[in-house]
Structure formats: structure tokens, C-alpha cells
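# Fold and contact review
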Amino acid sequence: GAVVSQHPSWVICKSGTSVKIECRSLDFQATTMFWYRQFPKQSLMLMATSNEGSKATYEQGVEKDKFLINHASLTLSTLTVTSAHPEDSSFYICSARPVGKMHPYEQYFGPGTRLTVT
Amino acid sequence: EDKVVQSPLSLVVHEGDTVTLNCSYEVTNFRSLLWYKQEKKAPTFLFMLTSSGIEKKSGRLSSILDKKELFSILNITATQTGDSAIYLCAREGAQKLVFGQGTRLTINP
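Now for a description of the structure that goes with this document. Because the structure is a prediction, the values reported are computed rather than measured.

### Regarding the pattern of salt bridges
Residues and elements named next belong to chain B. For the structure shown, the criterion picks out five salt bridges over all chains. For K37, the salt bridge is made with E39, and the minimal N-O distance between the two is 3.9 Å. Judged by relative accessible area, E39 falls into the partly exposed class, the value being 45%. One salt bridge in this structure joins R60 and D83, with 2.8 Å as the shortest N-O distance. Pair noted here: R60 is in the loop between strand 6 (56–58) and strand 7 (61–66) and D83 is in the loop between strand 8 (71–76) and strand 9 (85–92), with a separation of 23 residues, a long-range link. Here R60 falls in the partly exposed class, since its relative accessible area comes to 23%.

### Structural notes on the packing of aromatic side chains
All names here are of chain A. Inspection of every chain in the model, using the stated rule, returns nine aromatic pairs over all chains. An angle of 45° between the planes, with centres 5.7 Å apart, marks the rings of Y36 and F109 as tilted. Taken together, the residues Y36 in strand 4 (residues 30–38) and F109 in strand 10 (residues 108–109) connect sequence positions 73 residues apart. Exposure class is identical for Y36 and F109. Each is buried.

### As for the sheet that holds strand 8 of chain B
Residue and element names in this part refer to chain B. Pairing in this open sheet of five strands is antiparallel, and the strands run 1-3-8-7-6 from one edge to the other. Since the sheet does not close on itself, it has two edges, and those belong to strand 1 (4–7) and strand 6, each with one partner. Strand after strand, the sheet turns through a mean of 15° between neighbouring axes, direction not considered. Bridge count between strand 3 (residues 19–25) and strand 8: six bridges; the pairing is antiparallel. Its bridge partner being in strand 8, T20 is matched across the sheet by N75.

### Examining the sheet that holds strand 8 (residues 76–81) of chain A
Residue and element names in this part refer to chain A. With antiparallel pairing, four strands are arranged side by side in an open sheet as 1-3-8-7. The open sheet is flanked by strand 1 (4–7) and strand 7 (67–73), the only strands paired with a single partner. Between one strand axis and the next, the sheet turns by 15° as a mean value, whatever way the strands run. Pairing between strand 3 (residues 19–25) and strand 8: six bridges, direction antiparallel. Residue pairing for strand 8: K20 is matched across the bridge by T80.

### Comments concerning the nonpolar core
Within the largest apolar cluster, 25 residues are counted, with the highest numbers of intra-cluster contacts made by A:W35, A:Y58, A:F67, A:I69, A:L79, A:Y92 and A:L115. Elements supplying a minimum of two residues to this core: strand 2 (10–13), strand 3, strand 4, strand 5 (45–51), strand 7, strand 8, strand 9 (90–98) and strand 11 (113–117) of chain A. Here A:I69 is in contact with A:W35, A:A48, A:S50, A:A56, A:Y58, A:S77, A:T78 and A:L79, once residues within four sequence places are set aside. Counting residues in each nonpolar core, the second largest holds 21 residues, with B:W35, B:F47, B:Y87 and B:V98 among its members.

### Focus: the environment of B:L21
Residue and element names in this part refer to chain B. Position of L21 relative to the elements: it lies in strand 3. A C-alpha to C-alpha distance of 7.6 Å links L21 and Q6, two positions 15 residues apart in sequence. Look past the residues within four positions of L21 in its chain and what remains in contact with it is S7, L11, W35, S72, I73, L74, Y87 and T103.

About the cut-offs
In this numbering scheme, every chain counts its residues from 1 along its sequence in written order. Throughout, the order in which chains and ligands are written sets their labels, letters from A for the former and numbers from 1 for the latter. In keeping with the predicted nature of the model, local features appear solely for residues at pLDDT of at least 70, side-chain atom pairs appear and are counted solely at 80 or more, and the whole-chain, interface and lining totals rest on all residues. Heavy atoms from the whole structure form the basis of all side-chain values; hydrogens and water molecules are not counted. Should a side-chain nitrogen of Lys or Arg be within 4 Å of a carboxyl oxygen of Asp or Glu, the pair is scored as a salt bridge. Burial classes follow relative accessibility: with a 1.4 Å probe on protein chains only, a residue under 20% of its type's maximum area counts as buried, one over 50% as exposed, and anything between as partly exposed. Note on conventions: DSSP H or I runs of at least 4 residues are helices, E runs of at least 2 residues are strands, and numbering of each starts at the N terminus. Each aromatic pair joins two rings of Phe, Tyr and Trp (for Trp, the six-membered one) with centres within 6.5 Å, and gets the label stacked for planes under 30 degrees apart, edge-to-face for over 60, and tilted for any other angle. Strand pairing is assigned whenever DSSP detects at least two bridges linking the two strands. Here an angle of 0 to 180 degrees is reported between the N-to-C directions of two axes, which are lines fitted to C-alpha atoms, with helices fitted over the stretch in contact. In this text, buried Ala, Val, Leu, Ile, Met, Phe, Trp, Tyr and Cys residues form a nonpolar core when linked through side-chain atoms within 4.5 Å. We call two residues in contact when some of their heavy atoms are within 4.5 Å.

Set out below in C-alpha cells:
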């Protein structure tokens with residue numbers, strides 16, 4: 001149980017275009033989903049926390065207009081990278097916290113999406 | 001923001017060796033410290049530590065927390081090539097996890 005999927009697993013896009021990444025909890029409902037970014041040889045950096053039906057909370061230094069997050073249902077959150085640039089190339093990982101769980105450690109990670117912007 | 005610092009950043013050993021990975025943290029309001037293993041994709045949970053001096057053990061892996069000195073170690077004995085991965089520690093903060101840089105462990109046959 002507690003499976004989180006991401007789609008696509010790998011995407012290449014041209015500079016200036018937008019790309020959408022989906023995060024789904026497959027066998028549980030999640031009121032909270034987290035979006036992380038991981039640059040090569042660096043750690044996971046939390047970008048934003050999204051709660052179903054409300055606006056996402058962004059970490060300091062993360063542009064909310066560039067990284068649009070939508071959490072429209074209890075099983076789906078999307079991250080849209082708008083006007084992507086090569087420096088946005090990274091590994092994006094989402095995680096989901098099941099309904100009723102309150103602690104930050106109670107989250108399950110997706111397999112990640114590798115974004116390459118050319 | 002409270003930092004989490006791991007060392008070494010990279011470690012290469014031979015199969016059968018024992019390794020110790022370190023994680024130190026700054027704290028204003030400590031709740032727990034977690035260890036994850038990341039093999040190319042999603043991190044998988046290993047241990048959660050909340051109390052000082054109590055060792056958590058799972059097979060060849062063990063971990064312990066020192067809340068006075070603000071650090072934790074992850075030990076892996078009799079390493080195998082399948083242990084090659086990035087090991088991440090994370091501190092539980094207010095409604096989020098704060099990760100360290102990770103230790104990239106490579107086990108050579």
C-alpha cells in the first residue's frame with residue numbers, strides 16, 4: 001500500500017515552454033502533498049506544500065508564479081513549470097501524506113520526474 | 001532555517017566493510033530525525049529517531065541519536081553492493097522535513 005506515482009517520469013522541453021508534472025496517490029487519499037526539487041549531487045529541497053482545495057504554501061525563494069501548484073482532488077496534485085529555462089532542469093519529487101496523518105514524516109514519496117530544459 | 005549536515009558527502013568502500021554515516025543538525029524545536037535510502041528514484045524510509053541513546057536496528061543497518069550533541073549516525077555492517085545508494089537524513093520541522101545533502105555510498109565488489 002501507500003503508492004505514489006508521478007507522470008511523466010522524464011520530460012525534455014524547450015526553453016520558454018511550460019511543462020506539467022502530475023503526482024497521484026494510488027491507494028490512499030492525501031490532504032497534503034509536498035513538492036521537492038533535487039539538483040545533481042544535492043539533497044531534496046522542499047519547494048511547496050499543497051493542501052487539497054486551498055492555495056499552496058511556497059518555501060522562501062521559490063517563485064509561485066513560475067511553479068504553479070494545483071491540488072484539486074485528494075489523489076492528485078500537479079506542478080506546472082512555466083516558461084522553463086535550462087536552470088530549471090532538475091529532478092522533481094512529490095510526496096503525499098495520507099488523510100488523518102499529521103506528522104511531516106508520515107509522507108510517501110513518488111518516483112520523481114526528471115526535467116531537462118534545452 | 002535549521003540546517004542538517006551530513007558527512008561524508010561521498011564514500012567508497014569494499015563489499016564486507018562496515019560504514020558509519022554522520023548527520024548533525026541545528027535545532028530550535030526538535031521532534032524527530034529520519035534516515036532514508038535513495039536509489040535513483042524515491043527515497044525509502046529507514047528509521048525514525050526521537051529518543052537519545054536508543055538504537056534502532058534493521059538487519060545490517062542500525063542508527064542512534066544523540067540529542068545532547070545534536071547528531072545521529074547510521075551504521076551498515078557487512079556491506080553489500082546493493083547498499084550502494086544515497087543516504088539522506090532529515091529533521092522533522094514545523095510541518096515539513098528538512099533534508100541534509102546526503103551521503104553517496106558506493107560499495108565495490
